[in-house]
Amino acid sequence: MSIIYKNSASRSLTIEERENPQLYRDVFPYSKVGRIEFDDIIIPPRPTTPFFITDTTFRDGQQARPPYSVKQIARMYDLLHKLGGKSGLIQASEFFMYSQKDRKAIETCRARGYRFPRVTGWIRANLDDLKIARDMEFDEVGMLTSVSDYHLYLKLGKNRQTAMNDYLKLVEQALDWGIVPRCHFEDITRADIYGFCLPFAHKLMELSKQASMPVKIRLCDTLGFGVPYSGAALPRSVQRIVRAFTDEAGVPGEWLEWHGHNDFHKVLVNGVTAWLYGCGAVNGALLGFGERTGNPPLEALVIEYISLTGNDEAADTAVISEIADFFENELEYKIPANYPFVGAEFNATAAGVHIDGLAKNEEIYNIFDTKKILGKPVPIIITDKAGRAGVAYWLNHHFKLEGDNKISKQHPAVGKLYTEIMKAYEEGRNTSFSTKEMIVLAKRYLPELFVSELQKIKRLAGDLAAHVITKLASVCTTNENDNETQNAMKLFVQNYPFIQFLTLIDDKGKLLEAVITDPSYQEKYGNLPKKGYDYSNREWFKKPLADGKLHISDLYQSQYTGKLIITVSIAVTNKHDDITGVLSADIQLEEILKHEAELEADEKNTDDE
């Protein structure tokens, strides 16, 4: 038996038209910091069941950073599914739908076939945009329905009644086309809640009842003015806004969603407050990326959800570290080292007494078992109290050394490092060693832990070449006298002159086709590139043949041209995916690095197609 709650309006919900906009100048003086007013109306928390998360990484999140490629969007969508989509905790993700790339991203993510996150759209509040959503067969779409007089009067140049009528007309059309509308009440924390927002919401609920379809509402704290404080007054009180919609406008909690911004550092607590007071969903983005100051960090919402519910199975929290790695390695975004949950040193300690405590029992200073929950062991920051054991711990943690690769405190290099550290403190140092300083010392005494500059260049050149070689392999066959393959290879070396020598070998190691890029090399190669030449003993032939993967050789000097080269080789397959041969290319290192920018652009364009 549940408690009966009154959820109908205690006052008449009729629109209050105004000659001049309601700008709440006592609360938002503009020339001064905004004011937080209290009226001592206290309401208890009452979360709806269930409550969940929605995602705006690909909509609001893309307004805060360079646009993602289709390939990157697909990977992040996979991570969202893996993190909380499998359980339904992360229920939906919204997308733009205007450009060809937007539509390709939607198509790619839909093709995954995941139940959650559902792919939803976002449009401006006009009929042309709604037609795009209909033609793309969206079953739910968010539409921009601004509600504050700042937007209605000053931006749109409309009065309240005109704006509401326009919004309602569009919502009716969406329902008629079988699309669930999600009305984004933009700038809710500066809006007249009783004079416009609730009458509008009440009308939406009437349309929902008539159509027997949900009409969802997103409460958008556009400038982050919302506050979580008990007793705070409207329009800034998150508690009061949410409860007014559920209890007075009759909006079911599961149709209500909070979308906050971090202008005043309250984005996470405001979102969680919305949950606690009856809002079904909080809208977040990976790492908090969002327009201007950002949205609730989605990974933080996951942790907070588990804290509130005790449902550890709702999310695979180790995926949070995968997301961090993706942002740093794939998107080249440097996450602040102390950023909660995803920063490299978020749970690190610099105090000597803390390091001593960690050595005895990490639970003393760690928020939870980060190795189990996030896949991140506890790091330490080096001081004069770390000891040789601390230095070894830091090296093993930072360089992810495990098993036989772990460095012990007895390692001679650890002793040298420790001596340098102690010398600094003996000379008067009183601050901890930074990660950057420790890396400098590690390079000096353990250079084998670092990738050499030559290896970095090799890896870059290999990555650049791999993209174009893979494309060529997809159109080649090992059929004898295949004119299309021959022409494709000739055209290929014309387009990519950094390729010194291109060969196609059958699965026995016999040469089928060869192309020398520069005619001046013909004499240097002599009679080598003849059909039937045996390459079966070459490592670059054997590896792709054995595992079907692309292989990149070490750097070496060509015995024919004297140039520094790498060989990139890849398996050639038939329509049944059987390996029938190997395509290889000798790449001139100096030349490919000259073409780095255009090759990266070519790869990005391919990803976006």
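Here, the structure is the one placed above.
Residues numbered from 1 in each chain as written. Predicted model: local features only at pLDDT ≥ 70, side-chain atom pairs only at ≥ 80, totals over all residues. Heavy atoms only, no water.

Peer 1: Run through the pattern of salt bridges, naming residues and quoting values.
Peer 2: This model, assessed by the stated rule, comprises 25 salt bridges. In this structure, the salt-bridge partner of Glu94 is Arg218, at a minimum N-O distance of 2.7 Å. Within this pair, whereas Glu94 is found in strand β2 (residues 90–95), its partner Arg218 is found in strand β6 (residues 216–221), the two being separated by 124 residues in sequence. As far as burial versus exposure is concerned, Glu94 and Arg218 are alike and both buried. In this structure, the salt-bridge partner of Glu420 is Arg444, at a minimum N-O distance of 3.0 Å. With a gap of 24 residues between them, Glu420 in helix α14 (residues 412–426) and Arg444 in helix α15 (residues 435–445) connect regions that are remote in the sequence. (Salt bridge = Lys/Arg side-chain N within 4 Å of Asp/Glu carboxyl O. Helix = DSSP H or I, 4+ residues; strand = E, 2+ residues; numbered from the N terminus. Buried < 20%, exposed > 50% of the residue type's maximum accessible area, 1.4 Å probe, protein only.)

Peer 1: Could you give me a rundown of the packing of helix α6 (residues 193–211) against helix α7 (residues 238–248), with the residues and numbers involved?
Peer 2: Direction vectors running N to C along α6 and α7 enclose 45°, while the axes themselves pass 10 Å from each other. By the angle between their axes, α6 is oblique relative to α7. Handedness of the α6/α7 crossing: right-handed. In this structure, α6 contributes Ile193, Tyr194, Cys197, Leu198 and Ala201 to the contact, and α7 contributes Ile241, Ala244, Phe245 and Glu248. By residue class, the composition of the contact of α6 with α7 is eight nonpolar, no polar and one charged. (Axes fitted to C-alpha atoms, helices over the stretch in contact; angles between N-to-C directions. Parallel < 35°, antiparallel > 145°, perpendicular 65-115°, else oblique. Left-handed = near helix turned anticlockwise from the far one by under 90°. Contact = heavy atoms within 4.5 Å. Nonpolar A, V, L, I, M, F, W, Y, C, P; charged D, E, K, R; others polar.)

Peer 1: Give me the nonpolar core: which residues, what numbers.
Peer 2: Phe185, Leu204, Ile217, Phe245 and Phe327 are the most contacted members of the largest nonpolar core, which has 96 residues in total. The element best represented in this core is α6, accounting for 10 residues. The contacts of Phe245, once residues within four sequence positions are left out, are Phe185, Ile188, Cys197, Leu198, Ala201, Ile217, Leu219, Gly250, Val251 and Leu256. Judged by nonpolar contacts, the second largest core, of 24 residues, contains Ala473, Tyr496, Val568 and Leu583. (Core = buried A, V, L, I, M, F, W, Y, C linked by side-chain atoms within 4.5 Å.)

Peer 1: Tell me about the pairing of strand β4 (residues 140–144), and please be specific about residues and values.
Peer 2: By the criterion of burial, β4 is predominantly enclosed, with four of the five residues buried. Here three bridges tie strand β3 (residues 118–123) to β4, and the two strands are oriented parallel to one another. The residue of β4 that forms the bridge with Gly121 is Val141. Each parallel crossover has a hand, and the one from β3 via helix α3 (residues 127–135) to β4 is right-handed. Summarising the sheet, β4 and strand β5 (residues 180–186) pair through five bridges and their orientation is parallel. Paired with Glu140 across the two strands is Val180, which belongs to β5. (Pairing = 2+ DSSP bridges. Right-handed = clockwise from strand over helix to strand, strands pointing away.)

Peer 1: Tell me about the packing of aromatic side chains, and name the residues and values.
Peer 2: Going through the model one piece at a time under the given rule, you end up with 22 aromatic pairs. Between the aromatic rings of Phe58 and Phe95, the centroid separation amounts to 5.0 Å while the plane-to-plane angle is 35°, which identifies the pairing as tilted. Pair noted here: Phe58 is in the loop between β1 (52–55) and α1 (70–85) and Phe95 is in strand β2, with a separation of 37 residues, a long-range link. Accessibility classification places Phe58 together with Phe95 in one group, the buried group. For the ring pair Trp394 and Phe399, a centre distance of 6.3 Å and an interplane angle of 80° mean the geometry is edge-to-face. Each member of the pair, Trp394 together with Phe399, is buried. Within the aromatic cluster, the residues linked to one another by ring pairs are Tyr167, Phe185, Phe196, Phe200 and Phe245. Of note, Arg134 hangs over the ring of Trp177, and the distance from its end group to the ring centre comes to 4.4 Å. (Phe/Tyr/Trp six-rings, centres within 6.5 Å; stacked < 30°, edge-to-face > 60°. Lys NZ or Arg CZ within 6 Å of the ring centre and 35° of its normal.)

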